[in-house]
Amino acid sequence: MNRPPGLSVRVKLTLSYAGFLMVAGGVLLGTVWALLLRDYQVVSARPGEFVPVRSVVVHVYAPATAAVLLFLLVFGLVGGWILAGRMLAPLARITDAARMAAHGSLSHRIRLPGRADELRELADAFDAMLTRIEAHVGEQRRFAANASHELRTPLAISRTLLDVARSDPDRDAAEVIERLHTVNTRAIDLTEALLLLSRAEQRSFARERVDLSLLAEEATETLLPLAEKQGVALETSGEIAPVNGSPALLLQLTMNLVQNAIVHNLPAHGVVRVNTGVRAATVVLTVENTGEKLAPHLVSTLAEPFRRGTERTHTDHAGVGLGLAIVRTIAHAHDGRLILAPLPAGGLRATVELPAQT
Ligand SMILES: Nc1ncnc2c1ncn2[C@@H]1O[C@H](COP(=O)(O)OP(=O)(O)OP(=O)(O)O)[C@@H](O)[C@H]1O
Ligand SMILES: [Mg+2]
């Protein structure tokens, strides 16, 4: 913002210090003056000669008053300038840090020493804000890098397929088309997942009453063929679980969890349990599945974008690693949270807690 130049806060503070001192001094001296003048007594300067008090006051008292006021003015200006400078020194550091942040250097911190006061609180709040922004920007950069990398992969594969087809015209076209189709579908899936993620992040969706238990039923029904193909048994249970949110996004959340539970399950005889319930003011959706044993430190990172837990050799599922990131973002957009916990016997329990609709 371009502002017209003005007086600095240091000058303003100095002027107000000096001003207050002058006013206080003036009032004090004025009171004394008034008291002296109150009684129209006369004093004798020489025996037999009387002078009115007013002229004594004017002659003796006035120059002294002026001298005192002048001293107070100089004292107020100098003292005020020094005091204001000391008080405002931390502000210069905060301003420097803000300017550096504005120019993109987010790693700088103010770290103002000293005991707590308003300015130190401001500096600490500013440091905390910088830490958060730095983490957020880092996350966004990693996300953008990962997303571009993931999007480049199907494109690069398509080009290789096309190059091969061009250099070898006798090759079976049907096979190339089939492989191109697979790669293309994957790129579309990835782009759709990215779009979904950004839509949920923007929180720009209409909210209405949604029963999570109905969504859970819908998701399991839709994914039943996949479960049968993977040899996984699906069990749904629970009570009515009303929340306030976007039906499409919450269905996506449920689908992602159930799909994960089916796909990242045992190679055979796996089980998936989906349950909905209400605990106090919270609606809880739990999806549990059998599977490999998972280390807790690994589980805590699974919801990060593009994170794939274990290298899968026994499934043909080629996930992009956005499923849980989408679940987490949708849960946050609905003021809820996603909790992942490994099960002692292997497999995972994913719990989504959302505020119940009242
Ligand atoms: N229910 C689960 N049981 C065991 N492991 C799981 C489960 N859900 C997720 N994981 C692990 O977490 C990783 C990340 O899951 P996420 O859903 O984010 O990605 P994905 O399933 O690999 O790909 P997609 O984006 O297609 O869903 C998975 O690769 C898998 O290793
Ligand atoms: Mg998934």
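For the structure itself, look to the data block above.
This write-up is about the structure you can find in this document. None of the values given here were measured: they were computed from a predicted structure. Every chain begins its residue count from 1, and numbering advances along the sequence as written. Chain letters and ligand numbers both follow the written order, the letters beginning at A and the numbers at 1. Only residues with pLDDT of at least 70 get local features here, since the model is predicted, and only at 80 or more are side-chain atom pairs given and counted; chain-wide, interface and lining totals rely on the full set of residues. Side-chain metrics in this entry use all non-hydrogen atoms of the structure; hydrogen atoms and water are not considered.

**Regarding the overall build of the protein chain**
Spelled out, the test is: Strands are runs of DSSP state E lasting at least 2 residues, helices are runs of H or I lasting at least 4, and numbering of each runs from the N terminus. A radius of gyration in this sense is built from C-alpha atoms; the matching globule rule multiplies 2.2 Å by the number of residues raised to 0.38. Only protein chains enter the area calculation, which uses a 1.4 Å probe; residues under 20% of their type maximum are buried, those over 50% are exposed, and those in between are partly exposed. Contact between two residues is taken to exist if any of their heavy atoms lie within 4.5 Å; hydrogens are not considered. Per-residue and other accessible areas follow the Shrake-Rupley method at a 1.4 Å probe size, with only the shown protein chains counted as cover for residues.
Within the protein chain, the regular secondary structure consists of eight helices and nine strands. Radius of gyration (C-alpha) of the protein chain: 38 Å, far over the 21 Å computed for a compact globule of 358 residues. Taken along its principal axes, the extent of the C-alpha atoms in the protein chain is 135 × 60 × 35 Å. Per-residue burial over the protein chain gives 33% buried out of 358 residues. Across the protein chain, the fraction of contacts at a sequence separation of at least 24, relative to all contacts at a separation of at least 6, is 71%. When the accessible surface of the protein chain is split by element, carbon and sulfur atoms take 61% of a total near 22,300 Å².

**So, unusual backbone geometry**
Phi is positive for Arg 203, which is not a glycine, with a value near 55 degrees. With respect to the helices and strands, the residue Arg 203 is situated in the loop between helix 4 (173–202) and strand 3 (208–211). Phi is positive for Ala 280, close to 50 degrees, though the residue is something other than glycine. Mapped onto the secondary structure, Ala 280 falls in the loop between strand 6 (270–279) and strand 7 (282–289). By relative accessible area, which is 79% here, Ala 280 ends up exposed.

**Notes on the site of ligand 1**
The criterion, for reference: A cutoff of 4 Å decides nearness: a residue is near a molecule or strand if any of its heavy atoms lies inside that distance of it. Within 3.5 Å is the distance limit for a polar contact, defined as a pair of N or O atoms, with the added protein rule that one can donate a hydrogen and the other accept it, and that residues adjacent in sequence qualify only through two side-chain atoms. Ten residues, namely Ala, Val, Leu, Ile, Met, Phe, Trp, Tyr, Cys and Pro, are considered nonpolar, four, namely Asp, Glu, Lys and Arg, are considered charged, and the remaining ones, Gly among them, are considered polar.
In the vicinity of ligand 1, 19 residues are found, and the nearest of them are Asn 260, Asn 289, Gly 309, Leu 322 and Leu 324. Contact between ligand 1 and Gly 321: an oxygen atom at 2.9 Å from a main-chain N or O atom of the residue. Within the backbone of Leu 322, an N or O atom sits 2.7 Å from an oxygen atom of ligand 1. For ligand 1, whose unbound accessible area comes to 590 Å², protein coverage reaches 92%. Its residues assigned to classes, the shell around ligand 1 comprises seven nonpolar, nine polar and three charged.

**Some points on the layout of surface pockets**
A water-sized probe rolled over the atoms picks out the places where empty space is left. Rule in force here: A cavity here means a set of 1 Å grid points, computed over protein atoms only, where a 1.4 Å probe fits but cannot escape. A pocket is an open set with protein on both sides within 12 Å along at least 5 of 7 lines, and lining residues have an atom within 4 Å of a point. Grid points are joined across faces, edges and corners, and a volume is the space filled by probe spheres set on the points. Domain start and stop positions are those given by an automatic or database domain assignment.
By volume, the second largest pocket amounts to about 520 Å³. Lining the second largest pocket are 18 residues, with His 136, Glu 139, Gln 140, Glu 201 and Thr 329 sitting closest to its centre. Only helix 3 (118–167), helix 4 and helix 8 (323–333) provide two or more residues apiece to the lining of the second largest pocket. With six residues, the single largest contributor to the lining of the second largest pocket is helix 3. Of the residues in the lining of the second largest pocket, the class split is eight nonpolar, five polar and five charged. Counting the residues that make up the lining of the second largest pocket, at least three belong to each of domain 2 (136–202) and domain 3 (208–355).

**A closer look at the packing of aromatic side chains**
Selection criterion: Each Phe, Tyr or Trp ring (for Trp, its six-membered ring) is paired with any other whose centre lies within 6.5 Å, and the angle between the two planes then decides the class: stacked below 30 degrees, edge-to-face above 60, tilted in between.
What the rule picks out here adds up to three aromatic pairs. Note on Trp 33 and Tyr 61: the rings are 5.7 Å apart at their centroids and 85 degrees apart in plane angle, and the pair reads as edge-to-face. Here the residue Trp 33 occupies a position in helix 1 (residues 9–38), and Tyr 61 occupies one in helix 2 (residues 53–102), the gap between them amounting to 28 residues. For Trp 33, a relative accessible area of 27% gives the class partly exposed. Look at Tyr 61 and you get buried, because its relative accessible area is 16%. Each ring, one from Phe 71 and one from Phe 75, has its centre 5.7 Å from the other, and the planes form 20 degrees; the classification is stacked. With Phe 71 and Phe 75 both in helix 2, this residue pair falls four residues apart, about one helical turn. Residue classification places Phe 71 among the exposed residues on the basis of a relative accessible area of 53%.

**Observations regarding helix 8**
For helix 8, the tally of buried residues reaches eight of 11 residues, placing the bulk of the element in the interior. Those residues of helix 8 not exposed but buried are Leu 324, Ala 325, Ile 326, Val 327, Thr 329, Ile 330, Ala 331 and Ala 333. Where helix 8 is buried, its residues touch helix 4, helix 6 (247–263), strand 8 (337–342) and strand 9 (348–355). Looking one or two residues past helix 8, Asp 335 carries a phi angle of roughly 60 degrees, positive in sign.

**Some words on the side chain of Thr 276**
Within the secondary structure layout, Thr 276 lies in strand 6. For Thr 276, a relative accessible area of 3% gives the class buried. A distance of 3.0 Å separates a polar side-chain atom of Thr 276 from the backbone oxygen of Glu 239. Each residue touching Thr 276, except ones within four places of it in the same chain, is listed here: Leu 212, Ser 213, Ala 216, Ser 237, Gly 238, Glu 239, Ala 241, Val 284 and Leu 285.

**Here's the deal with the environment of Val 176**
Here Val 176 shows up in helix 4. Given a relative accessible area of 8%, Val 176 falls into the buried group. In this structure the C-alpha to C-alpha distance between Val 176 and Ala 193, which are 17 residues apart in sequence, comes to 26 Å. If sequence neighbours within four positions are ignored, Val 176 has contacts with Leu 161, Ala 165 and Arg 171.

**A word on the sheet that holds strand 9**
Heads up, the condition is: Strand pairing requires that DSSP identify at least two bridges connecting the strands. A fitted line through C-alpha atoms represents every axis, and for helices the fit uses only the stretch in contact; the resulting angles, taken between N-to-C directions, go from 0 to 180 degrees.
Strand order across the open sheet formed by five strands is 4-6-7-9-8, with mixed pairing between neighbours. Edge positions in the sheet fall to strand 4 (232–238) and strand 8, since each of these pairs with one other strand and no more. For this sheet, the mean angle separating the axes of adjacent strands, direction not counted, is 15 degrees. Pairing between strand 6 and strand 7: eight bridges, direction antiparallel. From the neighbouring strand, Gly 277 faces strand 7, where its bridge partner is Val 284. Strand contacts of helix 5 (residues 212–230): strand 4, strand 6, strand 7 and strand 9, with the helix running at about 170 degrees to strand 4, the strand carrying the most contacts. In this fold helix 6 packs onto strand 4, strand 6, strand 7, strand 8 and strand 9, with an angle of close to 25 degrees to the strand it touches most, strand 7.

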